[in-house]
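Architecture at a glance
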Amino acid sequence: MELRSGADPRRNALLCLVLVVSHCVSVLGCGPHYQHAIEEFCLAKFKLDMHELDQRHWCNWEDTVELYGELTNCTYLVAVKMGCFWPNQLVDEFFIHVHRHYFHDCSLSGRLLRDPPNRILGPFIVVPILVTLLMTALVVWRSKRSEGIV
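Residues numbered from 1 in each chain as written. Predicted model: local features only at pLDDT ≥ 70, side-chain atom pairs only at ≥ 80, totals over all residues. Heavy atoms only, no water.

In the annotation of an unreviewed UniProt entry, the entry for the protein reads Receptor activity-modifying protein 1, and the organism field reads Sphaeramia orbicularis. In its Sequence similarities (unreviewed entry) section, UniProt records this for the protein: "Belongs to the RAMP family." Entered under Subcellular location (unreviewed entry) in the UniProt record, the comment concerning the protein runs "Cell membrane". (UniProt positions renumbered as here; feature names shortened; annotations may be inferred.)

Things to note about the state of the cysteines
Where two cysteines share a covalent bond between their sulfur atoms, that bond is called a disulfide. Following the criterion strictly, the structure yields 2 disulfides and no others. Here Cys42 engages in a disulfide with Cys74; their sulfurs sit 2.0 Å apart. When the S-S torsion is -80°, as for the bridge of Cys42 with Cys74, the disulfide is left-handed. Here Cys42, found in helix 2 (residues 32-52), pairs with Cys74, found in helix 3 (residues 61-82); they are 32 residues apart in sequence, far enough to count as distant. Among the residues examined, Cys42 registers a relative accessible area of 3% and is labelled buried. Residue pairing for Cys59: its cysteine sulfur links by disulfide to Cys106, the two sulfurs lying 1.9 Å apart. (Disulfide = S-S within 2.5 Å. Helix = DSSP H or I, 4+ residues; strand = E, 2+ residues; numbered from the N terminus. Buried < 20%, exposed > 50% of the residue type's maximum accessible area, 1.4 Å probe, protein only.)

Re the pattern of salt bridges
In the structure shown here, the tally under the stated rule is 3 salt bridges. In this structure, the salt-bridge partner of Asp49 is Lys45, at a minimum N-O distance of 2.7 Å. Separated by 4 residues within a single helix, Asp49 and Lys45 lie in helix 2, roughly one turn from each other. We classify Lys45 as partly exposed; its relative accessible area is 42%. Several salt bridges share partner residues, and in doing so they unite Lys45, Asp49 and Glu70 into one network. (Salt bridge = Lys/Arg side-chain N within 4 Å of Asp/Glu carboxyl O.)

Let's talk about the packing of aromatic side chains
What characterises a pair of aromatic rings is the spacing of the ring centres plus the angle enclosed by the ring planes. This structure, assessed with the given rule, holds 7 aromatic pairs. Cluster of aromatic residues (ring-pair linked, three or more members): Phe46, Trp58, Tyr68, Phe94, Phe95, Tyr102 and Phe103. (Phe/Tyr/Trp six-rings, centres within 6.5 Å; stacked < 30°, edge-to-face > 60°.)

With respect to the UniProt feature "transmembrane region" (unreviewed entry) in the protein
UniProt records the feature "transmembrane region" (unreviewed entry) for residues 12-34 and 120-141 in the present numbering. Between the first and last C-alpha atoms of residues 120-141 the distance is 32 Å; the span itself is 100% helix and 0% strand.

Some details on unusual backbone geometry
Cis geometry marks the peptide bond from Trp86 to Pro87, where omega comes out at -5°. Looking at the element boundaries, Pro87 is found in the loop between helix 3 and helix 4 (89-102).

Looking at helix 3
Relative to the 32 Å expected for 22 residues at 1.5 Å per residue, helix 3 spans 30 Å between its end C-alpha atoms, a close match to the ideal helical length. By the burial criterion, the buried members of helix 3 are Thr64, Leu67, Tyr68, Leu71, Cys74, Thr75, Val78 and Ala79. Considering only its buried residues, helix 3 is in contact with helix 2 and helix 4. Where helix 3 terminates, the next one or two residues include Gly83, which has phi positive at roughly 75°. (Expected span 1.5 Å × (residues − 1). Contact = heavy atoms within 4.5 Å.)

Overview of a nonpolar patch on the surface
The grouping of Ile125, Val126, Ile129, Leu130 and Leu133 at the surface amounts to a nonpolar patch, some 470 Å² of accessible area in total. With respect to the helices and strands, the residue Ile129 is situated in helix 5 (residues 118-146). (Patch = residues over 30% accessible without salt bridge, like charges linked within 9 Å, V, L, I, M, F, W, Y side chains within 5 Å. Areas by Shrake-Rupley, 256 points an atom, 1.4 Å probe, with all protein chains shown as cover.)

Rendered as C-alpha cells:
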C-alpha cells in the first residue's frame, strides 16, 4: 500500500508534465504560422466580402451572418489542417480585432439604434404632458370647490 501511495504523486506529476508539454507544443505550433494563415486565407476574404457589402449594413446581422459564419469556419479549418486546437487564444484575439474593426458601432442586438418615427414617439410625449395638466387642473378645481362645503 505504501508503494502505491508513493507512486501517486509521481504519476500525478508526470500527468501534469505531459499536459503542460502538450499544451505548450500546441500553442507554439499555432503561433505566428497559424496567425499568418488565418489572416491570409480567412481575413483577406472576409475583408473583400465586407467591403462589397455597404458599410451601413455591417450591423445588420441578417446581412453579415453568412460572412461571419464563413470566417469562423475558415479559422476552424485552418486550425484543423495545421493540427491546432480550436478555439484558442490566437482565434480569440483575431475575432476581437475583427469586432473592433467592423462591428464597434453595433448594438448588442445587432440592429442600428435610432429614434422611432414621430407618429410613435409623439403619443409617448404628448399623453403624459396632457395627463399632468389635466390632473393639475382637477386638483385645483377640486380644492376650490371643497372650500365652500363644510
